[in-house]
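Here are the chains, one letter per residue:
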Amino acid sequence: MKALIPAAGLGARFLPATKAQPKEMLLVVDRPAIQYVVEEGLASGADEVVIVNSREKKAIEDHFTPNPELVALLRERGKDAYADAVEYVGNLPVSYVYQEEALGLGHAVRCAAAKTGDEAFYVLLGDVLVPGNEMLPAMKAVSDAHGGASVIAVMPVPDDQVSRFGVIAGAPVAEDVWKVDSLVEKPALEDAPSNLAVFGRYLLSPRVMELLADVEPGMGGEIQLTDALDAVLDEEEMYALVVDPADGFDTGTVESWLETNNVLFGRRQG
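Heads up: these notes are all about the structure in this document. (Residues numbered from 1 in each chain as written. Predicted model: local features only at pLDDT ≥ 70, side-chain atom pairs only at ≥ 80, totals over all residues. Heavy atoms only, no water.)

Some points on the packing of aromatic side chains
The geometry of an aromatic ring pair is captured by two quantities: the separation of the ring centres and the angle between the planes. Following the criterion strictly, the structure yields one aromatic pair and no others. The ring of Tyr36 is capped by Arg31, whose NZ or CZ atom sits 4.2 Å from the centre of that ring. We note Arg55 situated over the ring of Tyr98; from NZ or CZ to the ring centre the distance is 4.1 Å. (Phe/Tyr/Trp six-rings, centres within 6.5 Å; stacked < 30°, edge-to-face > 60°. Lys NZ or Arg CZ within 6 Å of the ring centre and 35° of its normal.)

Written out as C-alpha coordinates, the structure reads:
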(Lines give C-alpha, C1' and ligand atoms only; values in the text may rest on other atoms or scores of the structure.)
Protein backbone atom coordinates (compact mmCIF):
# COMPACT_ATOMS: atom_id res chain seq x y z
CA MET A 1 0.00 0.00 0.00
CA LYS A 2 1.23 3.48 -0.89
CA ALA A 3 0.75 6.68 1.10
CA LEU A 4 0.27 9.73 -1.13
CA ILE A 5 1.08 13.25 0.07
CA PRO A 6 -0.11 16.07 -2.23
CA ALA A 7 2.49 18.84 -1.90
CA ALA A 8 2.36 20.87 -5.12
CA GLY A 9 0.23 23.75 -3.83
CA LEU A 10 1.31 27.38 -3.77
CA GLY A 11 1.11 27.89 0.00
CA ALA A 12 -0.55 31.25 -0.69
CA ARG A 13 -1.75 31.78 2.87
CA PHE A 14 1.86 31.91 4.06
CA LEU A 15 3.23 34.36 1.50
CA PRO A 16 5.75 35.95 1.43
CA ALA A 17 7.36 33.25 3.63
CA THR A 18 6.55 30.60 1.02
CA LYS A 19 7.85 32.57 -1.95
CA ALA A 20 11.22 30.80 -1.74
CA GLN A 21 10.50 28.04 0.77
CA PRO A 22 7.73 25.43 0.36
CA LYS A 23 5.02 25.61 3.00
CA GLU A 24 5.61 21.92 3.67
CA MET A 25 9.17 22.75 4.75
CA LEU A 26 8.16 25.24 7.44
CA LEU A 27 9.52 24.13 10.80
CA VAL A 28 7.20 22.54 13.35
CA VAL A 29 9.22 22.39 16.59
CA ASP A 30 12.27 20.44 15.35
CA ARG A 31 11.56 19.24 11.79
CA PRO A 32 9.72 20.33 8.66
CA ALA A 33 5.98 19.72 8.66
CA ILE A 34 6.17 17.25 5.79
CA GLN A 35 8.58 15.02 7.71
CA TYR A 36 5.85 14.37 10.30
CA VAL A 37 3.52 13.33 7.48
CA VAL A 38 6.06 11.06 5.80
CA GLU A 39 6.82 9.37 9.12
CA GLU A 40 3.11 8.87 9.75
CA GLY A 41 2.61 7.25 6.37
CA LEU A 42 5.44 4.80 7.00
CA ALA A 43 4.19 4.08 10.54
CA SER A 44 0.83 3.08 9.03
CA GLY A 45 2.33 0.11 7.22
CA ALA A 46 2.72 1.78 3.84
CA ASP A 47 5.75 0.42 2.02
CA GLU A 48 6.43 3.73 0.27
CA VAL A 49 5.48 7.36 0.57
CA VAL A 50 4.77 9.12 -2.73
CA ILE A 51 4.97 12.91 -2.64
CA VAL A 52 2.99 14.61 -5.40
CA ASN A 53 5.34 17.52 -5.87
CA SER A 54 5.82 20.63 -7.96
CA ARG A 55 9.08 20.82 -9.89
CA GLU A 56 9.69 24.20 -8.24
CA LYS A 57 9.75 22.65 -4.75
CA LYS A 58 13.19 21.13 -4.93
CA ALA A 59 13.78 21.78 -1.23
CA ILE A 60 11.37 18.96 -0.35
CA GLU A 61 13.38 16.46 -2.38
CA ASP A 62 16.68 17.80 -1.03
CA HIS A 63 15.43 17.18 2.49
CA PHE A 64 14.77 13.48 1.85
CA THR A 65 17.93 12.88 -0.23
CA PRO A 66 20.99 11.30 1.44
CA ASN A 67 23.82 13.75 2.17
CA PRO A 68 26.84 11.67 3.20
CA GLU A 69 29.18 14.66 3.03
CA LEU A 70 27.16 16.57 5.64
CA VAL A 71 26.85 13.45 7.81
CA ALA A 72 30.61 12.91 7.69
CA LEU A 73 31.32 16.55 8.56
CA LEU A 74 28.94 16.44 11.53
CA ARG A 75 30.52 13.24 12.84
CA GLU A 76 33.99 14.73 12.41
CA ARG A 77 32.91 17.61 14.62
CA GLY A 78 31.42 15.33 17.26
CA LYS A 79 27.82 16.21 16.41
CA ASP A 80 26.60 12.62 16.17
CA ALA A 81 22.98 13.34 17.14
CA TYR A 82 22.64 15.80 14.25
CA ALA A 83 24.43 13.38 11.92
CA ASP A 84 22.00 10.61 12.91
CA ALA A 85 19.01 12.89 12.20
CA VAL A 86 20.32 13.86 8.75
CA GLU A 87 21.17 10.25 7.90
CA TYR A 88 17.77 9.00 9.06
CA VAL A 89 15.71 11.42 6.99
CA GLY A 90 17.83 10.84 3.90
CA ASN A 91 17.10 7.11 4.02
CA LEU A 92 13.31 7.26 4.29
CA PRO A 93 11.56 5.45 1.37
CA VAL A 94 10.14 8.49 -0.42
CA SER A 95 9.49 8.85 -4.15
CA TYR A 96 7.97 11.61 -6.27
CA VAL A 97 5.49 12.22 -9.03
CA TYR A 98 4.79 15.68 -10.40
CA GLN A 99 1.67 17.78 -10.72
CA GLU A 100 2.57 20.04 -13.62
CA GLU A 101 -0.35 22.40 -13.01
CA ALA A 102 -2.28 23.17 -9.81
CA LEU A 103 -5.66 21.72 -10.78
CA GLY A 104 -6.98 20.64 -7.41
CA LEU A 105 -6.61 17.85 -4.87
CA GLY A 106 -8.32 15.26 -7.04
CA HIS A 107 -5.95 15.99 -9.90
CA ALA A 108 -2.95 15.74 -7.55
CA VAL A 109 -4.06 12.32 -6.34
CA ARG A 110 -4.67 11.14 -9.90
CA CYS A 111 -1.08 12.06 -10.79
CA ALA A 112 0.03 9.10 -8.64
CA ALA A 113 -2.22 6.52 -10.36
CA ALA A 114 0.72 4.60 -11.80
CA LYS A 115 2.14 4.21 -8.28
CA THR A 116 -1.01 2.81 -6.64
CA GLY A 117 -2.05 0.43 -9.43
CA ASP A 118 -5.03 -1.67 -8.37
CA GLU A 119 -4.32 -1.36 -4.64
CA ALA A 120 -6.03 0.66 -1.94
CA PHE A 121 -4.01 3.69 -0.89
CA TYR A 122 -3.74 6.38 1.74
CA VAL A 123 -3.93 10.11 1.07
CA LEU A 124 -2.37 12.36 3.72
CA LEU A 125 -2.75 16.10 3.34
CA GLY A 126 0.54 17.81 4.03
CA ASP A 127 -0.85 20.58 6.23
CA VAL A 128 -2.45 18.13 8.67
CA LEU A 129 -0.16 16.59 11.29
CA VAL A 130 -0.93 13.50 13.39
CA PRO A 131 2.14 13.12 15.63
CA GLY A 132 0.81 10.02 17.42
CA ASN A 133 0.66 8.08 14.12
CA GLU A 134 -2.43 6.19 15.33
CA MET A 135 -5.12 7.53 13.01
CA LEU A 136 -4.32 5.57 9.84
CA PRO A 137 -4.12 2.17 11.58
CA ALA A 138 -7.51 2.87 13.18
CA MET A 139 -8.94 3.72 9.75
CA LYS A 140 -7.46 0.50 8.33
CA ALA A 141 -9.20 -1.46 11.09
CA VAL A 142 -12.54 0.10 10.12
CA SER A 143 -11.90 -0.68 6.46
CA ASP A 144 -11.00 -4.30 7.25
CA ALA A 145 -14.18 -4.65 9.31
CA HIS A 146 -16.28 -3.50 6.33
CA GLY A 147 -14.85 -5.51 3.46
CA GLY A 148 -12.10 -3.11 2.42
CA ALA A 149 -14.36 -0.07 2.14
CA SER A 150 -12.94 3.42 1.80
CA VAL A 151 -12.59 5.26 5.11
CA ILE A 152 -12.12 8.97 5.75
CA ALA A 153 -11.18 10.70 8.99
CA VAL A 154 -13.62 13.34 10.22
CA MET A 155 -13.55 15.71 13.13
CA PRO A 156 -16.28 17.82 14.74
CA VAL A 157 -15.68 21.51 14.05
CA PRO A 158 -17.30 24.70 15.38
CA ASP A 159 -20.08 26.30 13.32
CA ASP A 160 -17.86 29.16 12.20
CA GLN A 161 -15.42 26.71 10.57
CA VAL A 162 -17.85 24.40 8.75
CA SER A 163 -17.53 26.33 5.48
CA ARG A 164 -13.74 25.69 5.38
CA PHE A 165 -14.05 21.93 4.95
CA GLY A 166 -15.76 19.06 3.21
CA VAL A 167 -18.56 17.79 5.46
CA ILE A 168 -20.20 14.35 5.55
CA ALA A 169 -23.83 13.29 5.63
CA GLY A 170 -24.65 9.90 7.10
CA ALA A 171 -25.40 8.11 10.35
CA PRO A 172 -23.40 6.46 13.14
CA VAL A 173 -23.05 2.66 12.95
CA ALA A 174 -20.68 2.16 15.89
CA GLU A 175 -18.83 4.21 18.44
CA ASP A 176 -16.84 6.82 16.48
CA VAL A 177 -17.78 5.28 13.12
CA TRP A 178 -20.31 6.66 10.61
CA LYS A 179 -21.58 5.18 7.39
CA VAL A 180 -21.25 7.97 4.82
CA ASP A 181 -24.15 8.81 2.50
CA SER A 182 -22.67 11.87 0.79
CA LEU A 183 -20.09 14.63 1.08
CA VAL A 184 -20.56 18.35 0.64
CA GLU A 185 -17.54 20.50 -0.20
CA LYS A 186 -17.27 23.70 1.89
CA PRO A 187 -20.99 24.19 2.53
CA ALA A 188 -22.55 27.27 4.04
CA LEU A 189 -23.51 26.55 7.64
CA GLU A 190 -27.22 26.42 6.82
CA ASP A 191 -26.56 23.82 4.10
CA ALA A 192 -24.19 21.60 6.08
CA PRO A 193 -25.58 18.09 6.77
CA SER A 194 -23.42 17.72 9.91
CA ASN A 195 -20.54 19.35 11.73
CA LEU A 196 -18.20 16.44 10.89
CA ALA A 197 -15.47 17.81 8.63
CA VAL A 198 -13.06 15.73 6.59
CA PHE A 199 -9.73 15.91 8.35
CA GLY A 200 -7.12 15.29 5.68
CA ARG A 201 -6.67 11.53 6.09
CA TYR A 202 -8.14 9.05 3.61
CA LEU A 203 -7.90 5.32 2.98
CA LEU A 204 -9.35 4.88 -0.50
CA SER A 205 -10.29 1.90 -2.62
CA PRO A 206 -8.69 1.56 -6.07
CA ARG A 207 -12.05 2.44 -7.62
CA VAL A 208 -11.66 6.02 -6.38
CA MET A 209 -8.49 6.39 -8.43
CA GLU A 210 -10.29 5.05 -11.50
CA LEU A 211 -13.18 7.48 -11.05
CA LEU A 212 -10.84 10.45 -10.73
CA ALA A 213 -10.01 10.01 -14.41
CA ASP A 214 -13.61 10.98 -15.26
CA VAL A 215 -14.19 13.81 -12.77
CA GLU A 216 -14.96 17.08 -14.55
CA PRO A 217 -13.32 20.29 -13.31
CA GLY A 218 -15.50 22.27 -10.94
CA MET A 219 -15.19 25.69 -9.32
CA GLY A 220 -11.96 27.40 -10.32
CA GLY A 221 -11.25 24.74 -12.92
CA GLU A 222 -10.11 22.30 -10.22
CA ILE A 223 -10.71 18.56 -10.03
CA GLN A 224 -12.00 17.80 -6.55
CA LEU A 225 -11.35 14.56 -4.69
CA THR A 226 -14.75 15.02 -3.07
CA ASP A 227 -16.45 14.53 -6.45
CA ALA A 228 -14.77 11.14 -6.91
CA LEU A 229 -15.75 10.16 -3.38
CA ASP A 230 -19.36 11.09 -4.14
CA ALA A 231 -19.21 9.02 -7.32
CA VAL A 232 -17.79 5.95 -5.57
CA LEU A 233 -20.68 6.05 -3.11
CA ASP A 234 -22.94 4.97 -6.00
CA GLU A 235 -20.94 1.73 -6.19
CA GLU A 236 -19.30 1.08 -2.82
CA GLU A 237 -19.83 1.72 0.86
CA MET A 238 -17.76 4.34 2.63
CA TYR A 239 -17.19 4.94 6.31
CA ALA A 240 -15.89 7.77 8.44
CA LEU A 241 -13.81 7.49 11.60
CA VAL A 242 -14.62 10.32 14.01
CA VAL A 243 -11.31 11.37 15.52
CA ASP A 244 -10.49 13.35 18.63
CA PRO A 245 -9.47 16.96 17.86
CA ALA A 246 -6.50 16.47 20.21
CA ASP A 247 -5.09 13.75 17.92
CA GLY A 248 -4.35 15.98 14.93
CA PHE A 249 -3.34 19.49 13.97
CA ASP A 250 -4.37 21.63 11.02
CA THR A 251 -1.42 23.82 10.04
CA GLY A 252 -3.09 25.33 6.98
CA THR A 253 -3.17 28.90 8.30
CA VAL A 254 -0.52 31.02 10.01
CA GLU A 255 -2.59 31.01 13.21
CA SER A 256 -3.06 27.23 13.28
CA TRP A 257 0.60 26.64 12.40
CA LEU A 258 1.70 28.83 15.32
CA GLU A 259 -0.74 27.06 17.65
CA THR A 260 0.55 23.65 16.51
CA ASN A 261 4.12 24.71 17.27
CA ASN A 262 3.13 25.93 20.71
CA VAL A 263 1.19 22.78 21.62
CA LEU A 264 3.78 20.32 20.32
CA PHE A 265 6.63 22.25 21.91
CA GLY A 266 4.75 22.15 25.20
CA ARG A 267 4.29 18.39 24.87
CA ARG A 268 7.98 17.98 24.11
CA GLN A 269 8.87 19.91 27.27
CA GLY A 270 6.54 17.70 29.30
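What about the layout of surface pockets?
Empty space within the largest pocket amounts to approximately 1,200 Å³. Along the walls of the largest pocket sit 38 residues, with Lys23, Leu105, Leu125, Asp127 and Lys186 positioned nearest its centre. Sorting the residues of the lining of the largest pocket by element identifies helix 5 (105–110), strand 10 (177–185), strand 11 (196–204) and helix 9 (225–232) as the ones contributing at least two each. Of the residues forming the lining of the largest pocket, the biggest block, four residues, is contributed by strand 11. (1 Å grid on protein atoms, 1.4 Å probe; cavity = no way out; pocket = protein on both sides within 12 Å on 5 of 7 lines; lining within 4 Å. Points joined across faces, edges and corners; volume = space filled by probe spheres on them. Helix = DSSP H or I, 4+ residues; strand = E, 2+ residues; numbered from the N terminus.)

Things to note about a negative patch on the surface
On the surface, Glu134, Glu175, Asp176, Asp244 and Asp247 cluster together into a negatively charged patch. Here Asp176 shows up in the loop between strand 9 (166–174) and strand 10. (Patch = residues over 30% accessible without salt bridge, like charges linked within 9 Å, V, L, I, M, F, W, Y side chains within 5 Å. Areas by Shrake-Rupley, 256 points an atom, 1.4 Å probe, with all protein chains shown as cover. Salt bridge = Lys/Arg side-chain N within 4 Å of Asp/Glu carboxyl O. Lys, Arg positive; Asp, Glu negative; His and termini not counted. Charge placed at Lys NZ, Arg CZ, Asp CG, Glu CD.)

Looking at the pattern of salt bridges
Counted by the stated rule, this structure contains 18 salt bridges. Glu48 serves as the salt-bridge partner of Lys115, at 3.3 Å between the closest nitrogen and oxygen. You can see Lys115 sitting in helix 6 (residues 113–116) and its partner Glu48 sitting in strand 4 (residues 48–53), a full 67 residues away along the chain. In this structure, a network of salt bridges that share partners links the residues Lys2, Asp47, Glu48 and Lys115.

Some remarks on the nonpolar core
Judged by nonpolar contacts, the single largest core of 74 residues is most densely connected at Ile51, Phe64, Ile152 and Ile168. Among residues more than four places away in sequence, those in contact with Phe64 are Ile34, Gln35, Val38, Ile51, Val89, Gly90, Leu92, Val94 and Tyr96. With six residues, the next largest nonpolar core counts Val162, Val167, Ala192 and Ala197 among its residues. (Core = buried A, V, L, I, M, F, W, Y, C linked by side-chain atoms within 4.5 Å. Buried < 20%, exposed > 50% of the residue type's maximum accessible area, 1.4 Å probe, protein only. Contact = heavy atoms within 4.5 Å.)

A few points about helix 9
An α-helical segment advances 3.6 residues per turn. Residues three or four places apart therefore align on the same side. Inspection of helix 9 places Leu225, Thr226, Ala228, Leu229 and Val232 among the buried residues, and these make up the whole buried set. Here the buried residues of helix 9 occupy an arc of 160 degrees about the axis, which is enough to place them on one side. Looking at the packing, one finds that the buried side of helix 9 touches helix 5, strand 8 (150–156), strand 10, strand 11, helix 8 (206–212) and strand 12 (238–242). (Arc of directions from axis to C-beta.)

Topic: the pairing of strand 6 (residues 121–124)
Residue alternation in strand 6 divides its side chains into two sets, Phe121 and Val123 and Tyr122 and Leu124, and both sets are buried. Two elements, strand 1 (residues 2–6) and strand 6, share three bridges in a ladder whose sense is parallel. Looking across to strand 6, one finds that Ala3 is bridged to Tyr122. Judged from the four bridges that link them, strand 6 and strand 11 form a sheet pairing that is antiparallel. When the bridges of strand 11 are listed, Val123 appears paired with Tyr202. (Pairing = 2+ DSSP bridges.)

Re helix 4 (residues 80–90)
Of all the residues in helix 4, the buried ones are Ala83, Val89 and Gly90. For helix 4, the angular spread of buried residues about the axis comes to 140 degrees, placing them on one side. Turning to helix 4, the residues buried within the fold contact helix 1 (33–43), helix 2 (58–63) and helix 3 (68–76).

Structural notes on empty space enclosed by the protein
Within the structure shown, the criterion is met by one cavity of 30 Å³ or more. Here the largest cavity defines a volume of roughly 60 Å³. Looking at the largest cavity, the residues that line it are Phe14, Lys23, Glu24, Leu26, Ala33, Gly126, Asp127, Thr251 and Trp257. Across the lining of the largest cavity, the residue classes break down as four nonpolar, two polar and three charged. (Nonpolar A, V, L, I, M, F, W, Y, C, P; charged D, E, K, R; others polar.)

Thoughts on unusual backbone geometry
Along the chain, Leu15 connects to Pro16 via a cis peptide bond; the corresponding omega equals 5 degrees. The backbone phi angle of Val29 is positive, close to 65 degrees, even though this residue is not glycine. Residue position: Val29 is located in the loop between strand 2 (27–28) and strand 3 (31–32). Since its relative accessible area comes to 21%, Val29 is described here as partly exposed. In the Ramachandran plot, Asp176 falls in the positive-phi region, its phi being about 70 degrees despite a non-glycine side chain. Here Asp176 falls in the partly exposed class, since its relative accessible area comes to 41%.

This is a description of form; function is not addressed.
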